[in-house]
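Structure at a glance
Now for the letters of each chain:
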There are 2 protein chains.
Amino acid sequence: MTAIANDQQLTAAREARERYRAGEVVPTSGIAHGLVQANLISVPADWAFDVLLYAQRNPKACPVLEVLEAGSFEPSLAPGADLRTDIPAYRVWRDGVLTEEVADATAIWEEHPDLVSFLIGCSFTFEAGLVDAGIEIRHQSLRRNVPMYRTSEQCAPAGRLTGELVVSMRPIPANRVADAVRISGRYPAVHGAPVHVGDPASLGIADLSQPDFGDAPEVREGEIPVFWACGVTPQAAIMASKPPFALTHAPGHMFITDVPDAAYMA
Amino acid sequence: MTAIANDQQLTAAREARERYRAGEVVPTSGIAHGLVQANLISVPADWAFDVLLYAQRNPKACPVLEVLEAGSFEPSLAPGADLRTDIPAYRVWRDGVLTEEVADATAIWEEHPDLVSFLIGCSFTFEAGLVDAGIEIRHQSLRRNVPMYRTSEQCAPAGRLTGELVVSMRPIPANRVADAVRISGRYPAVHGAPVHVGDPASLGIADLSQPDFGDAPEVREGEIPVFWACGVTPQAAIMASKPPFALTHAPGHMFITDVPDAAYMA
């Protein structure tokens, strides 16, 4: 579907990117309501096929919104933006190990000028649809980062890449779970419907209060934990597969595009 | 959606692949009713990223169903099948020029053992849905190949690949066009809804009776020409971009999988 953001949204997106470029480090959930947010993974050109194939084989976790060819950092999803600076926080991975977290990746790009960058759909996109339907997004209410978990479910391997599925979790009142499924299911390009509803143990999650990324959740009485495939999944593949170098966003600290959620409605 | 083919369908698919393996050369439209058919493009490993990126940027024309890594020719969409032999006819491309059409690609694979193969969705998949809804598929009735046309619409370039959109055409009675749109639209992974309805000239098609691939159509009074994105689009990219080598199916002569159409219903 073609859809154009309104001026208010575009202003919110541009101001947010400018703040992040100037050094602000905050999670982006709820910012620029109604615009698509994206996960980032950048790898040296000789790893690009493996990453794109991993995404193709694991489309629920890694829905590709845009691929920037080697050396490019101005995405067509936000003309004028700069992927090296406009994300609040970046993670630098060397041989599969997280070595630095930085607010500006310009120096990293000077070190690796041939990076191929992948922008991958983020579940923050459909949160706007849930909010509009009156479903509380708890981590937004608490001004926390969304809780994310590594699971016992393996992704389909691709080339040199293997790794497990990472999920994000939102507690949803039992009488709104079906609505949450239907609303998020309208956005297959940004993870779509949940992969799992209600039983953390069967995903290999021993303790909901101990997420692997993001902040601890608050699940209240009458609420069911609902799990969506998460764009941090490529970071788990980096940990498991140890490419010599990778640059990603920090979980929950996304790239905000100029494209409205409606553009990805099926 | 998970869906399993029935025994009758699987038998039809296996018998068809065996006939093609034994040397039969026929278009596959209408064979193994209800099972997914696929376009093939195989390229040397150093062109694989370009092809996968071209597909990612042009998903309507090039919906990727499966990627077989370098040197593999047994697809998971049809375990036990052999991509080197089980397609009725192949085309061999050298420096962008069609040099041979063969019924068996085993010798080609010996020449190029590192081929990466892409199986791409085919509009024959949703023809079953149209037939089930009582919409005649004219080229099936006439036992001809579907007509396909190069258009004036350029695909999004990717790496070293550029080229125009190729479309397939089916004449549809005016009072069934909306049904044809809705039914094919249920299958976004196999080209989905038409890209164009009713005006060949605006696609740069001067003469409907002269398709670039396949057989001439028969458009009867009261019928509208309806155009779907076509998996021959990568072959147009080969012609335009001249990779040193590529192997494809011959238009209309598809790979028949063991997977039912319903598996790709949105």
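What you see as residue numbers is a count from 1 along each chain, following the sequence as written. Working convention: letters from A go to chains and numbers from 1 go to ligands, in the order in which they are written. Given that the model is predicted, a residue must reach a pLDDT of at least 70 before its local features are reported, and side-chain atom pairs must reach 80 or more before they are shown or counted; all residues, however, enter totals for whole chains, interfaces and linings.

1. Here's the deal with unusual backbone geometry
Peptide bonds are trans in most cases, and residues, glycine excluded, mostly fall at negative phi. Even without glycine at this site, Lys-242 of chain A takes up a positive phi of about 55°. Each helix is a run of H or I in the DSSP string that is no shorter than four residues. Each strand is a run of E no shorter than two, and both are numbered from the N terminus. Counting through the fold element by element, Lys-242 of chain A comes out in the loop between α7 (233–241) and β10 (245–249). Although it is not a glycine, Ala-32 of chain B adopts a positive phi angle of roughly 50°. If you trace the backbone, Ala-32 of chain B turns up in the loop between α1 (7–22) and β1 (35–44). A count of 25 C-beta atoms within 10 Å places Ala-32 of chain B in the buried class. Around each residue's C-beta, the other C-beta atoms within 10 Å are counted; 20 or more make the residue buried, 12 or fewer make it exposed, and counts in between make it partly exposed. All C-beta atoms are placed from the backbone.

2. Observations concerning the environment of Pro-217 of chain B
Residues and elements named next belong to chain B. Structurally, Pro-217 can be placed in the loop between β8 (196–197) and β9 (223–229). Take Pro-217: there are 21 C-beta atoms within 10 Å of it, and that puts it in the buried class. Taking the C-alpha atoms as reference points, Pro-217 and Val-146, separated by 71 residues in sequence, lie 7.5 Å from one another. We call two residues in contact whenever the C-beta atoms placed from their backbones are within 7 Å. Excluding residues that lie within four positions of it along the chain, Pro-217 makes contacts with Arg-138, Pro-147, Met-169, Pro-171 and Leu-208.

3. Remarks on the relation of the copies chain A and chain B
When chain A is fitted onto chain B, the two copies agree to an RMSD of 0.0 Å after a turn of 180° and an axial shift of 0.0 Å. The operation mapping one copy onto its partner corresponds to a two-fold rotation axis. Using C-alpha coordinates, one finds that chain A approaches the rotation axis most closely at Phe-49 of chain A, a distance of 2.4 Å. A share of 100% of interface residues in chain A that are also interface residues in chain B marks the association as one of identical surfaces. Superposition of the copies used a least-squares fit over C-alpha atoms from residues whose pLDDT is at least 70 in both.

4. Focus: the packing of helix α2 (residues 48–57) of chain A against helix α2 (residues 48–57) of chain B
One way to put it is that α2 of chain A packs onto α2 of chain B with a least axis distance of 9 Å and a crossing angle of 40°. Taken together, the axes of α2 of chain A and α2 of chain B lie oblique to each other. Pair α2 of chain A / α2 of chain B crosses with left-handed handedness. Contacts from Ala-48, Phe-49, Leu-52, Leu-53 and Gln-56 of chain A in α2 of chain A reach Ala-48, Phe-49, Leu-52, Leu-53 and Gln-56 of chain B in α2 of chain B. The classification used treats Ala, Val, Leu, Ile, Met, Phe, Trp, Tyr, Cys and Pro as nonpolar, Asp, Glu, Lys and Arg as charged, and all other residues, Gly among them, as polar. A per-class count over the contact of α2 of chain A with α2 of chain B returns eight nonpolar, two polar and no charged. Comment: axis = line fitted to C-alpha atoms, over the contacting stretch for helices; angle = value between 0 and 180 degrees taken between N-to-C directions. Comment on the angle field: the value is read as roughly parallel under 35 degrees, roughly antiparallel over 145, roughly perpendicular from 65 to 115, and oblique elsewhere. When the near helix sits turned anticlockwise from the far one by under a right angle, the crossing is termed left-handed; a clockwise turn instead gives a right-handed crossing.

5. Some points on the sheet that holds strand β7 (residues 164–173) of chain B
Strand pairs in the sheet, formed through backbone hydrogen bonds, run parallel or antiparallel to each other. All names here are of chain B. We treat two strands as partners when DSSP finds at least two bridges between them. Ordered by their spatial adjacency, four strands build an open sheet running β6-β7-β9-β8, and the pairing between neighbours is antiparallel. Each having just a single partner strand, β6 (148–154) and β8 make up the two edges of the open sheet. As paired strands, β7 and β9 are joined by seven bridges and run antiparallel to one another. Residue pairing for β9: Ser-168 is matched across the bridge by Trp-228. Along the sheet, helix α6 (residues 177–185) contacts β7, β8 and β9; its crossing angle with β9, the most-contacted strand, is approximately 15°.

6. A look at the packing of helix α4 (residues 124–132) of chain A against helix α6 (residues 177–185) of chain A
All names here are of chain A. Running from amino to carboxyl end, α4 crosses α6 at an angle of 130°, the nearest separation of the two axes being 9 Å. Classified by the angle between their axes, α4 and α6 sit oblique to one another. Crossing hand, α4 versus α6: right-handed. Between α4 and α6, the residues in contact are Phe-126, Gly-129 and Leu-130 and Ala-180, Ile-183 and Ser-184, respectively. Here the contact of α4 with α6 is composed, by residue class, of four nonpolar, two polar and no charged.

7. Here's the deal with the pairing of strand β1 (residues 35–44) of chain A
All names here are of chain A. Burial of β1 is extensive: nine of the ten residues sit out of reach of the surface. The pairing of β1 with strand β11 (residues 255–260) spans three bridges and is antiparallel. Bridged to Leu-35 within β11 is Pro-260. Where β1 meets strand β5 (residues 115–121), seven bridges bridge the pair, whose relative direction is antiparallel. Across the sheet, Pro-44 pairs through a bridge with Leu-115, a residue of β5. Inspection of the sheet shows β1 paired to β10 by two bridges, in the antiparallel sense. Each residue of the ladder has a partner; that of Ser-42, found in β10, is Leu-247.

8. A word on the confidence of the model for chain A
Here pLDDT means the predictor's own confidence in every residue, given as a number from 0 to 100. Across chain A, pLDDT averages 94, with 99% of residues at or above 70. This complex was scored by the predictor with a pTM of 0.88 and an ipTM of 0.81.

9. Some points on the interface of chain A and chain B
Between chain A and chain B, the contact holds ten residues from the first and ten residues from the second. When contributions to the side of chain A that touches chain B are tallied by element, the ones reaching two or more residues are α2 and β2 (64–68) of chain A. It is α2 of chain A that provides the largest number of residues to the side of chain A that touches chain B, a total of five residues. Per-class residue counts for the side of chain A that touches chain B are seven nonpolar, two polar and one charged.

10. Some details on α1 of chain B
Residues and elements named next belong to chain B. With 16 residues, α1 should cover 22 Å at 1.5 Å per step; its first-to-last C-alpha distance of 22 Å lies within 8% of that length. Those residues of α1 lying buried are Ala-13, Ala-16, Arg-17 and Tyr-20. In an axial view of α1, the angular spread of the buried residues amounts to 95°, which keeps them on one side of the axis. For α1, the exposed residues lying more than 90 degrees away from the buried face are Asp-7, Gln-8, Thr-11 and Ala-22. Looking at the buried residues of α1, the elements they touch are β1 and β11 (255–260). Expected span of a helix: the number of residues minus one, times 1.5 Å. Arc, as used here, means the arc of the directions from the helix axis to the C-beta atoms.

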